[in-house]
Amino acid sequence: MPAHSGSKLAVIGAGSVGTSLAYAALIRGSASHVALFDVNAAKAEAEVLDLAHGTQFTASAATVHGGADITVTEGADVVVITAGAKQAPGQTRLDLAGTNVRILEQLMPQLLEQAPDAVYVLVTNPCDVLTVAAQKITGLPTSRIFSSGTVLDTSRLRWLLAHRAEVSVSSVHASMVGEHGDTEFPVWSGATIGPVPIRDWKVDGERIFTPGYLSDTAREVTQAAYKVIAGKGATNYAIGLSGARIVEALLRSENAVLPVSTVLGGQYGINGIALSLPSVVGNGGVRAVLETPMDEGELASLHHSAETLRQSLASLGI
């Protein structure tokens, strides 16, 4: 299903993540027009040219343009921000916070001038901290400025579970929630394969999702980005695809349930902190944050995640 005619996606940052997202959006037909902005004019123009040369072979007749002039983002329906310092091997997402908040302070007012009615999606890390910062900088409603959160982490989780259960990924219903980072966790109490609770799934009469296996899987998901970064320097393809998926939910008015990160306003007793929870994403942004049932341990983990981010925000004076 193509995005609605005339829809415009602006991608901020022509690094590995931004270009992968733009590439995924063109291939998938996520938007009718894709604009790529970067302060490095030569890089932005070269990436646009490379993308444009392949548009004959993409899913739709989308156009792509861009450069170092912020006006390329004018009138965008969705703005995805990938610009910022990238995560180095061994560096946590929260270590990046100070540098990338300062980038947002310069960038967000300029973007609002060009695309005042857009929905803004942050992919730059640490995305939860930056979501709070960007919302305060812009004053936008929390529904219109959020981050990709644990959408990718959830995909990693479902891929691992599907491989273990020998079923399609689309048949796995499980989510990573909380911080997009070291304190994120899966909601095992509500996880299922088809209609079957994850802990009851059997192969040859044996339950294969033991407590030990589930614990190891959660750890593997949390450490996945570090493993990829150590091997190739950055994560880009999967986050590009997941970012394009969020864009599609917005531009196609899908009301899709995705675990994006928004500034919470009382859910689970948490205020002013951006955390990922399954949310309804559609026309205009996040239409509802769902209060997913959790057991006592999961609720404790959610509040631990919130407290970790609260301390990070306090250290930055946000």
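Summarised in this report is the structure supplied together with it. (Residues numbered from 1 in each chain as written. Predicted model: local features only at pLDDT ≥ 70, side-chain atom pairs only at ≥ 80, totals over all residues. Heavy atoms only, no water.)

**Regarding the overall build of the protein chain**
Within the protein chain, the regular secondary structure consists of 8 helices and 18 strands. Computed over C-alpha atoms, the radius of gyration of the protein chain comes to 19 Å, within 12% of the 20 Å expected from 2.2 N^0.38 for 318 residues, which places it in the range of a compact globule. Considered along the principal axes of its C-alpha atoms, the protein chain spans approximately 60 × 45 × 35 Å. Taking the contacts inside the protein chain whose residues are at least 6 apart along the sequence as the reference set, 71% of them involve residues at least 24 apart. (Helix = DSSP H or I, 4+ residues; strand = E, 2+ residues; numbered from the N terminus. Rg over C-alpha atoms; globule rule 2.2 N^0.38 Å. Contact = heavy atoms within 4.5 Å.)

**Considering the sheet that holds strand β17 (residues 279–282)**
The strand order across the open sheet built from 3 strands is β14-β17-β18, with neighbouring strands paired in antiparallel fashion. Two strands lie at the open edges of the sheet, namely β14 (256–258) and β18 (285–289), each paired on one side alone. Recorded for the sheet is a direction-independent mean angle of 40° between the axes of neighbouring strands. Sheet topology places β14 next to β17; 3 bridges connect them, and they run antiparallel. (Pairing = 2+ DSSP bridges. Axes fitted to C-alpha atoms, helices over the stretch in contact; angles between N-to-C directions.)

**Some remarks on the pattern of salt bridges**
Between side chains of opposite charge, pairing is possible as soon as their charged atoms come close. Using the criterion set out here, one finds 8 salt bridges in the structure. In this structure, R156 engages D153 in a salt bridge whose closest nitrogen and oxygen atoms are separated by 3.5 Å. Of the two residues, R156 and D153 are both situated in helix α5 (residues 151–165); the distance of 3 residues between them amounts to about one turn of the helix. The closest approach of N and O atoms between R310 and E307, which form a salt bridge, is 3.7 Å. Of this pair, R310 and E307 both sit in helix α8 (residues 296–315), separated by 3 residues, roughly a single helical turn. (Salt bridge = Lys/Arg side-chain N within 4 Å of Asp/Glu carboxyl O.)

**Description of the packing of aromatic side chains**
Evaluation of the coordinates by the stated rule reveals 1 aromatic pair. The residue whose ring lies beneath R164 is Y213, and the NZ or CZ to ring-centre distance is 4.7 Å. (Phe/Tyr/Trp six-rings, centres within 6.5 Å; stacked < 30°, edge-to-face > 60°. Lys NZ or Arg CZ within 6 Å of the ring centre and 35° of its normal.)

**Observations concerning the nonpolar core**
Core analysis: the largest hydrophobic core is formed by 34 residues, its most contacted members being L9 and F146. Residue contributions to this core peak at 6 residues, all from helix α7 (residues 237–251). Ignoring anything within four residues of it in the chain, the contact list for L9 reads L21, A25, A31, H33, V34, A35, V78, V80 and V247. Of all hydrophobic cores here, the second largest spans 22 residues; its members include V72, V79, L104 and L111. (Core = buried A, V, L, I, M, F, W, Y, C linked by side-chain atoms within 4.5 Å. Buried < 20%, exposed > 50% of the residue type's maximum accessible area, 1.4 Å probe, protein only.)

**Re unusual backbone geometry**
Geometrically, the link from N125 to P126 is a cis peptide bond, its omega value of 0° lying close to zero. The backbone of S253 shows a phi angle near 50°, a positive value even though the residue is not glycine. When its relative accessible area of 40% is taken as the criterion, S253 is described as partly exposed.

**Notes on the environment of P89**
Locating P89 in the fold gives a position in the loop between β4 (78–81) and α3 (97–114). Counting along the chain gives 138 residues from P89 to K227, while the straight-line C-alpha distance between them is 8.7 Å.

**Concerning the sheet that holds strand β7 (residues 172–173)**
Strand order in the open sheet formed by 3 strands is β7-β10-β11, with antiparallel pairing between adjacent strands. In this open sheet, the two strands that pair with only one neighbour each are β7 and β11 (196–197). With 2 bridges joining them, strand β10 (residues 192–193) and β11 adopt antiparallel strand pairing. Across the sheet, the residue bridging to I193 is V196, located in β11.

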